[in-house]
Each structure stands twice: as C-alpha cells, then as structure tokens.
Amino acid sequence: MVVDLLFWAVEQPRVPLLNSYIVMLAAVLLLVMGAMVWRQWHGNRRALARMAEAEQSGLLEPASLHPLIDPNRCLGCGSCVSACPEGHVLGLINRRAQLVTPSACIGHGACQKACPTEAITLVFGTASRGVEIPAVSSDFESSVPGLFIAGELGGMGLIRNAISQGQQAATAAAAMARKRQGGDFDLIIVGAGPAGLSAALAAKQKKLRYLVLEQDSIGGTIAHYPRGKVVMTAPATLPGVGKFQFKEASKEALMAYWQQVAQEQQLAVKTEQRVANIEHDAEGFTIHTERQQFRARTVLLAMGRRGTPRKLGVAGEELGKVIYRLQEPEQYRGRRVLVVGGGDSALEAALAIAEQPGSRVTLSYRGDAFGRAKQKNRERVAEFAADGRLQLLLSSEVQNITADSVELSTVAGRQRLGNDDIIVCAGGILPTPFLKKIGIHVQEKFGTA
C-alpha cells in the first residue's frame, strides 16, 4: 500500500508540492514499517536462540505454576513478554508468545494479567511431570468442609498471592464459623508466613476468636532462606496495616517487617507449636500439636510445602556435621563444605559460603544441569566455578560420609573429599500423607489449572 502511494505521487506532475509531502509521508511509513519488521525478526531470532539453549541445557521443566498459551487467541502483541518481572521467560516466535526458558518461570502470573485476549492460563505441572496440589474451591475451602488452604501449600508461593489468599480464606472461614457452635476459637491458622499473618489480620478485623500456630518462628518459609537472600515480590494491602510496599527485599528485611506487624497488631501467635494431627466432626476441629490441643470451628492451613527435609539415605548422614538448611554463612569461614542440591536454595547456599574467607566449597548435584534454579543463580555459580571459588560436581551423588571426609560417585569415578560440613538442600517431602490423613483430597496435575 505504501509503495503504491509512492508510485502514485511520482506519477502526478501537476501538484509538485503535494507530491513531495506524499513522498515524504510514504518514506516515513516505509522506515517505520521496516523498523517494526526488523524488531520482529530480531526478537524472533533471540527467542529461538534462548529456547534452543534451554533445550540443550535440559532446562525445560517449570518449577511450579506457569503460563499455558493458546496460540489461537494470542495476538502476538508482546504484552506478556514485557510484563514478566523475571526477564526473558517468554518470547515471540512467528508472532505468537511462547515459553522459551521454562525453568526460569516462578509463577508471578503477571503475563496472564497483561494479556488483552485472555490467551494465557496458569497451570501446574507438565505432560511429563505432575505436581501434587490439594483440591480447593474458589474461596480456598478444601474437600473437608471448614478446612481452608492458602499460600505455598496450595501451590501459590508468591508473597503477594499468599497475602491475598490468606485474606479471602479468612473471610470465607468467618462466614462458616458463624454457622457452627462451640469451640475455643472461630479460626485456627496453621503457619505464620505471609498467608497466615494476612489471614490473622483479616480475622482480627472481623472480630473472630483466632489463633496462629507456627512450628518455627514468625515469617514461615522466609525464615529458612539463607542470610541475605533477596526476595522478589509485589505490592499488596494488609488488613488493618495498609500497603505492603516491598518489590525486592532481603530475607532479614522481610522477617523484621512481619515480626513488627505481628507485634504492633498484637496478633495471637504461638510459635514452636508443630501440628501433628487434625480431627474433624460436624461442629469443627480438634487440632493436636506436640504440646497441646485446641478446639476450633474452622481451620486454615497456611504452612509451606517443604514438610520434612529430604535426606540422602547414606551411611554417616546421622553425623552432627550434616544439616538441611543454611542460616549463617559466616560460621563456615576457613572450612571445607559440601552443598548438595540443584535448586535455588542449594546454589545460593554454595555462593554465600564461597564468599567467606578461607572457605572451600563443593556443590554436588545428581543432574547434569540446574533445571530448577533461576538464571541469575546459574550464571553466578558458573562464574564462581570458572574463577576457582567453588568446585562444581554435576552428575554426582554422595555415597558415604565420615567425620572428616565424604565420598561421591562422579562421571570420573569415585571421589573422596576432605570435609568438615555438609549442607543438604534437596527439598522436602511434601506433607501429602498429613493432608490425606486429615481427609483432604490431593490431586496430581499434569499441565492443568
């Protein structure tokens, strides 16, 4: 069309000034269209390169919640690509959005909100790898009437989502509690992380008799992060408190914030209360901890998915030098440390210890690529390994542990390393047996919402 306009203008000799304007306009349009075509071609090429790199590295499995894109509804506008806070998770290929670096997706869901045609659905698991998720209703009630689930346990680990779900679940629990009789509490909340504390604030606003039970300390899963870990989140609103303004904060800053909120709002929280069992009847629940028991009309499970730490199952693992999470990297100065695992917690632990003076760190992972870790962590590990600041042993597994050494199987054969400390970051055993014992229906999802 632009070319036809240009030829038409050239063939009109009687109006030279008008023809000049038309020629200039056509030239500008050609430049704009050319720039758009070049940008599209360049973006397409870049997205294909990232996808090929992910395939070559075996980084094709999203960690949890991730987008599923309907190509028939996708306009190719790129809104989802721009909205992703993690960077180049999505890309445009042949004018359609695709997940190009699946392992880098951590389920923010910003892409779904940005899509103008609702072409994106957030799903759990993939066709080849299922994810176990408790079945819940739209108000987060489980298959057990009066028992609600919010936050990480329900598959939504992001702080903003956990805050929102905690409030919604507490609101639904309040409505149900009013229909029941008896009980020491209207609502007992299990877990003092973002979901649990948000629910407690909502319960306080609604003047419910509530109690929060936490097996460790206020902060929930955040308390288990390595010191100095930077946490990505998004603004949210807390009942009775106001705006939660953090977008990026350290573990310590978030822990201090939640503890301040709990103190200033005088939230009813009991720490070091690990829930061992929950029994239910027509009028409510009996919650058994390892110390006490409580009676409540409704219950909200706002605990993490980690459950019991996954162990190696090898000789010597019972030694005191073997632990299952890093808290203070400074204590490993001048020591020989083995970190086991391939997720972000393992990589961040190894990097934090490698920065301590005199430390000698080895990172062991049974896989041949870090498919569950963020790109930033993978790049830093590669940089530290190249500089000799840590030893990287992929495709390796611990076989035996002694007081001053550790034996691993590697691609080069058996290898024995001098060792003072071992940190196992191999994830946790999901609390599925606990949920099933209570009567909660758990479903395994293979790429479904």
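The coordinates are above.
Thresholds, definitions, all that
- Each chain carries its own residue numbering, running from 1 in the written order of its sequence.
- With pLDDT at 70 or above as the cut-off, local features in this predicted model cover only qualifying residues; side-chain atom pairs require 80 or more to be listed or tallied, and sums for whole chains, interfaces and linings still use all residues.
- In computing side-chain values, all of the structure's heavy atoms are included and hydrogens and water are not.
- Helix and strand labels come from DSSP, where a helix needs a run of H or I of at least four residues and a strand needs a run of E of at least two; each type is numbered from the N terminus.
- Only protein chains enter the accessibility calculation, which uses a 1.4 Å probe. A residue is then buried if its area is under 20% of the maximum for its type, exposed if over 50%, and partly exposed in between.
- Should any heavy atoms of two residues lie within 4.5 Å, those residues are counted as being in contact.
- Note on areas: Shrake-Rupley, 1.4 Å probe, and residue coverage restricted to the protein chains presented here.
- Salt bridges are defined as contacts in which a side-chain nitrogen from Lys or Arg sits within 4 Å of a carboxyl oxygen from Asp or Glu.
- Paired strands, as defined in this entry, are two strands with at least two bridges between them according to DSSP.
- A pair of Phe, Tyr and Trp rings is counted when the ring centres sit within 6.5 Å of each other, with Trp represented by its six-membered ring. The angle between the planes then sorts it: under 30 degrees is stacked, over 60 is edge-to-face, the rest tilted.
- For helices, the axis comes from a line fit to the C-alpha atoms of the stretch in contact; other axes are also lines fit to C-alpha atoms, and the angle between any two N-to-C directions lies between 0 and 180 degrees.
- Two kinds of site are reported from a 1 Å grid over the protein atoms alone, namely cavities, where a 1.4 Å probe fits but cannot get out, and pockets, open sets with protein on both sides within 12 Å along at least five of seven lines, and residues are called lining when an atom falls within 4 Å of a point.
- Grid points are joined across faces, edges and corners, and a volume is the space filled by probe spheres set on the points.
- Residue type decides the class: Asp, Glu, Lys and Arg count as charged, Ala, Val, Leu, Ile, Met, Phe, Trp, Tyr, Cys and Pro as nonpolar, and the leftover types, Gly among them, as polar.
- Only four residue types enter the charge count, namely Lys and Arg as positive and Asp and Glu as negative; His and the chain termini do not.
- Polar contact criterion, stated in full: a pair of N or O atoms within 3.5 Å, where within protein one must be able to donate a hydrogen and the other to accept it, and residues adjacent in sequence count only if both atoms are side-chain atoms.
- The scheme is simple: roughly parallel for angles under 35 degrees, roughly antiparallel for over 145, roughly perpendicular for 65 to 115, oblique for anything else.
- Each helix crossing is assigned a hand: it is left-handed if the near helix lies turned anticlockwise from the far helix by less than a right angle, otherwise right-handed if that turn is clockwise.

Draft legend 1. Local environment of the overall build of the protein chain. Scanning the protein chain from N- to C-terminus turns up 10 helices and 27 strands. Looking at the protein chain as a whole, 48% of its 449 residues are labelled buried. Intrachain contacts of the protein chain at a sequence separation of at least 6 include 66% that bridge at least 24 residues. As displayed, the protein chain has an accessible area near 22,300 Å², and 52% of this comes from carbon and sulfur atoms.

Draft legend 2. Quick peek at the pattern of salt bridges. Under the defined criterion, the tally for this structure stands at 12 salt bridges. Ionic pairing is found between D186 and R209, a salt bridge with its closest N-O pair at 3.1 Å. One end of the pair, D186, is in strand β7 (residues 185–190); the other, R209, is in the loop between α6 (194–205) and β8 (210–213), with 23 residues separating them in the sequence. Judged by relative accessible area, R209 falls into the partly exposed class, the value being 35%. Taking the shortest distance from any N to any O, the salt bridge between R336 and D420 comes out at 2.9 Å. Residue R336 is located in strand β19 (residues 336–340), and its partner D420 is located in the loop between β24 (413–418) and β25 (421–424); the two are separated by 84 residues in the primary sequence. What you see here is one network of salt bridges that share partners, running through D186, R209 and R297.

Draft legend 3. Just the environment of L158, in detail. Looking at the secondary structure, you find L158 in the loop between β6 (147–149) and α5 (159–177). The exposure class assigned to L158 is buried, which follows from its relative accessible area of 13%. Here the alpha-carbon distance between L158 and G109, two residues 49 residues apart in the chain, equals 9.6 Å. Once residues within four sequence positions are removed from consideration, L158 is found in contact with I106, G107 and H108.

Draft legend 4. Molecular detail of the sheet that holds strand β18 (residues 322–323). Ordered in space as β18-β25-β19-β20-β21, the five strands form an open sheet in which the pairing is parallel. Two strands bound the open sheet, and with one partner strand each, they are β18 and β21 (390–394).

Draft legend 5. Looking closely at the packing of aromatic side chains. Tallying each qualifying case throughout the model produces three aromatic pairs. Geometrically, the ring pair formed by Y257 and W258 is edge-to-face, given 5.4 Å between the ring centres and 70° between the ring planes. The burial state of Y257 is the same as that of W258; both residues are buried. On the basis of an interplanar angle of 25° and a centroid distance of 5.6 Å, the ring pair of Y365 and F370 is categorised as stacked. F370 carries the same exposure label as Y365, and that label is buried.

Draft legend 6. Structural view of the sheet that holds strand β23 (residues 405–410). Taking strand neighbours across the sheet as the criterion, the three strands line up as β22-β23-β24 in an open arrangement whose pairing is antiparallel. Strands with a single pairing partner mark the edges of an open sheet, and in this sheet they are β22 (397–401) and β24. Here the average twist between neighbouring strands, direction ignored, is 30°. With six bridges connecting them, β23 and β24 associate as antiparallel partners. Its bridge partner lying in β24, L408 is registered against Q415.

Draft legend 7. View of empty space enclosed by the protein. One pass over the structure, following the stated rule, counts three cavities of 30 Å³ or more. Of the voids in this model, the largest cavity is the one considered here, and its volume is about 110 Å³. What lines the largest cavity is a set of 16 residues, among which C84, C105, H108, G109 and C111 lie closest to the centre. Of all the elements in the fold, those that place two or more residues in the lining of the largest cavity are β1 (66–69) and α4 (110–114). Along the lines of polarity and charge, the residues of the lining of the largest cavity split into 11 nonpolar, four polar and one charged. The computed volume of the second largest cavity comes to approximately 90 Å³. Grouping the constituent residues of the lining of the second largest cavity by class yields 11 nonpolar, four polar and no charged.

Draft legend 8. Summary view of the pairing of strand β3 (residues 96–99). Side chains of β3 alternate between two faces, with A97 and L99 buried and R96 and Q98 left unburied. The sheet contact formed by strand β2 (residues 90–93) and β3 spans four bridges and is antiparallel. By the bridge assignment, G91 is partnered in β3 with Q98. In textbook terms, the turn of a hairpin is the stretch between consecutive antiparallel strands, and for β2 and β3 this stretch comprises two residues, one of which, N94, has a positive phi near 50°.

Draft legend 9. Looking closely at the side chain of R180. Its place among the elements puts R180 in the loop between α5 and β7. An unpaired buried charge is present at R180: no salt bridge exists, and E283, the closest side chain of opposite charge, is 5.6 Å distant. A polar contact is formed between the side chain of R180 and the backbone oxygen of R297, at a distance of 2.6 Å.

Draft legend 10. Up close: the packing of helix α8 (residues 344–354) against helix α9 (residues 375–386). Here α8 crosses α9 at 40°, and the two axes come no closer than 10 Å. Classed by the angle they form, the pair α8 and α9 counts as oblique. The crossing of α8 and α9 is left-handed. Here D344, L347, E348, L351 and A354 of α8 lie close against α9, whose contacting residues are N377, R378, R380, V381 and F384. Residues belonging to the contact of α8 with α9 are distributed by class as follows: five nonpolar, one polar and four charged.

Draft legend 11. Examining the packing of α5 against α6 more closely. As a packed pair, α5 and α6 sit with axes 7 Å apart at the nearest point and diverge in direction by 35°. The handedness of the crossing between α5 and α6 is right-handed. Two secondary-structure elements touch here, α5 through I159, A162, I163, G166, Q167 and A170 and α6 through P194, A195, S198, A199, A202 and A203. A per-class count over the contact of α5 with α6 returns nine nonpolar, three polar and no charged.

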